[in-house]
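Spelled out, the chains give:
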Amino acid sequence: MIEIEQGIDEIINIINEKINDLELEIKEKLKYKSWNNIDYNLEIMIKKIRLKIYILILKRKKNKYLEKYNAIQYVSNISAIDTDIVLSKKEYCFMKLEHITYLEANKNENKSYGDGNLYITNKSIIFVNNILTKNIKINDIIDINKIFFGIRISKIRGKAILLKKLLPEDIYKISALLSAIKNNQINDNLIRNNKAE
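What comes next is a walk through the structure. Quick caveat: nothing in here was measured; it's all calculated off a predicted structure.

## Overview of the pattern of salt bridges
The tally for this structure, following the rule as stated, stands at five salt bridges. Measuring nitrogen to oxygen at the nearest pair gives 2.6 Å for the salt bridge that ties lysine 165 to aspartate 115. In this pair, lysine 165 sits in the loop between β7 (161–164) and α3 (168–182) while aspartate 115 sits in strand β2 (residues 111–121), placing the two residues 50 residues apart along the sequence. Here the residues in one salt-bridge network are Asp84, Lys96 and Glu98, joined through shared partners.

## Some words on the sheet that holds strand β1 (residues 93–104)
Here we have seven strands laid out as an open sheet, ordered β4-β3-β2-β1-β7-β6-β5, and antiparallel in their pairing. The sheet is open, and its two borders are formed by β4 (133–137) and β5 (141–147), each paired with just one other strand. When the angles between neighbouring strand axes are averaged without regard to direction, this sheet yields 30°. Examined bridge by bridge, strand β6 (residues 150–155) and β7 share four bridges and lie antiparallel to one another. In the sheet register, isoleucine 153 faces β7, and the bridge partner there is isoleucine 161. Where α3 meets the sheet, its contacts fall on β1, β2, β3 (124–128), β5 and β6, and the angle it forms with β1 comes to roughly 115°.

Calculation notes
Residues numbered from 1 in each chain as written. Predicted model: local features only at pLDDT ≥ 70, side-chain atom pairs only at ≥ 80, totals over all residues. Heavy atoms only, no water. Salt bridge = Lys/Arg side-chain N within 4 Å of Asp/Glu carboxyl O. Helix = DSSP H or I, 4+ residues; strand = E, 2+ residues; numbered from the N terminus. Pairing = 2+ DSSP bridges. Axes fitted to C-alpha atoms, helices over the stretch in contact; angles between N-to-C directions. Contact = heavy atoms within 4.5 Å.

Here it is as structure tokens:
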């Protein structure tokens, strides 16, 4: 991961140097009053714009890699947290997010259950607000897709669930955590040891 990040930073530096070279070239040409080539100036300006757009794309890619890397680190150092909801025997909470919007996907219009707290345990995703509690068993989840500021969870039975108002880093953490739980990469001994500390 560090190599990817450094590689992207090096490319960004090279592009910035090219932009600086173009600006110096323009300054040199403008020293000569007789030189005034509109086509050349336009070509230089277009090159600069393209290079700056490329820098923005690289910075976004770098941020995405960092978010994914942080999500993997988060899961590899996971520990159970205390929670204010009642859990079943041998159920441990790993994540709590507040002010999350819970919706059920319908063909015409999604049904919203409002905002509430979202808990992810080793057995389920639990949504709680002052009106209701929704519980999705992790074993029932067949697919997770990123959507605008959230995720869509498809289940074996029933309507798909949309969780909105998530930060990008939370989306990656939820995906990595659910994947680790489904693939039995979080064992009970690790959970108990981390909880005891």
